[in-house]
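# Chains, contacts and geometry: an overview
Listed below are the residues making up each chain.
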Amino acid sequence: MLTLYSTWGCHLCEEAEALLRAAGADFSLVDIVDDPAAFALYRVEIPVLTYQRAAQTTELKWPFDAAALQLFITQQAL
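Quick caveat, the model's predicted, so the values are computed rather than measured.

Next up on the list: the state of the cysteines. Each disulfide consists of a covalent bond between the sulfur atoms of two cysteine residues. Scanning the entire structure with this criterion turns up one disulfide. A sulfur-sulfur separation of 2.5 Å characterises the disulfide bridge that pairs C10 with C13. The chirality of the disulfide connecting C10 with C13 is right-handed, given an S-S dihedral of about 75 degrees.

It is worth spelling out the confidence of the model for the chain at this point. Across the chain, the average pLDDT comes to 95, with 99% of residues at or above 70. Mean pLDDT in the chain bottoms out at helix 3 (residues 66–77), which sits at 93, and peaks at helix 1 (residues 11–22), which reaches 98.

Now for unusual backbone geometry. For the peptide bond that leads from I46 to P47, omega is 0 degrees, which places it in the cis range. One non-glycine residue, A54, lies in positive phi territory at about 55 degrees. One can find A54 in the loop between strand 3 (48–53) and strand 4 (56–61).

If you walk through the whole model with that rule in mind, you get three salt bridges. E17 is the salt-bridge partner of R21, the closest N and O atoms lying 2.7 Å from each other. Separated by four residues within a single helix, R21 and E17 lie in helix 1, roughly one turn from each other.

Here we come to the pairing of strand 3. As paired elements, strand 1 (residues 2–6) and strand 3 share four bridges and run antiparallel to each other. Residue T3 lies in a different strand from strand 3, and its bridge partner there is T50. As defined by bridge partners, strand 3 adjoins strand 4 across six bridges and the pair is classed as antiparallel. Counted as the bridge partner of Y51 is T58 from strand 4. The antiparallel hairpin formed by strand 3 and strand 4 contains two residues in its connecting segment, where A54 sits at a positive phi of about 55 degrees.

Conventions we followed
- Counting restarts for each chain, with residues numbered from 1 along the sequence as it is written.
- Totals for whole chains, interfaces and linings use every residue, but because this is a predicted model, local features are given only for residues with pLDDT of at least 70 and side-chain atom pairs only at 80 or more, for both listing and counting.
- Side-chain calculation: all heavy atoms of the structure are included, whereas hydrogens and water are not.
- Our working definition of a disulfide is a cysteine sulfur pair at a distance within 2.5 Å.
- Per-residue confidence from the predictor is reported as pLDDT, which spans 0 to 100.
- The numbering of helices and of strands both runs from the N terminus, where a helix is a DSSP run of H or I of at least 4 residues and a strand a run of E of at least 2.
- Salt bridges are identified by distance alone: a Lys or Arg side-chain nitrogen within 4 Å of an Asp or Glu carboxyl oxygen.
- A pair of strands is treated as paired once DSSP finds two or more bridges between them.

Written out as structure tokens, the structure is:
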């Protein structure tokens, strides 16, 4: 499952979300302000895209472009 960690008013987060939508990715959006654990992890790094499979989490941190996003998504599907 893809999750984009972001917060309201973050223009970089908006760019990351737009890239995900343009790629047609199925993802959930988590505002770190509403999640204390996410806030502790990502408060100075957002936006961060994660992929969780079982107990393993893989991260793609900003900056990333459409090509890097597609590579990340493709690698997670393997």
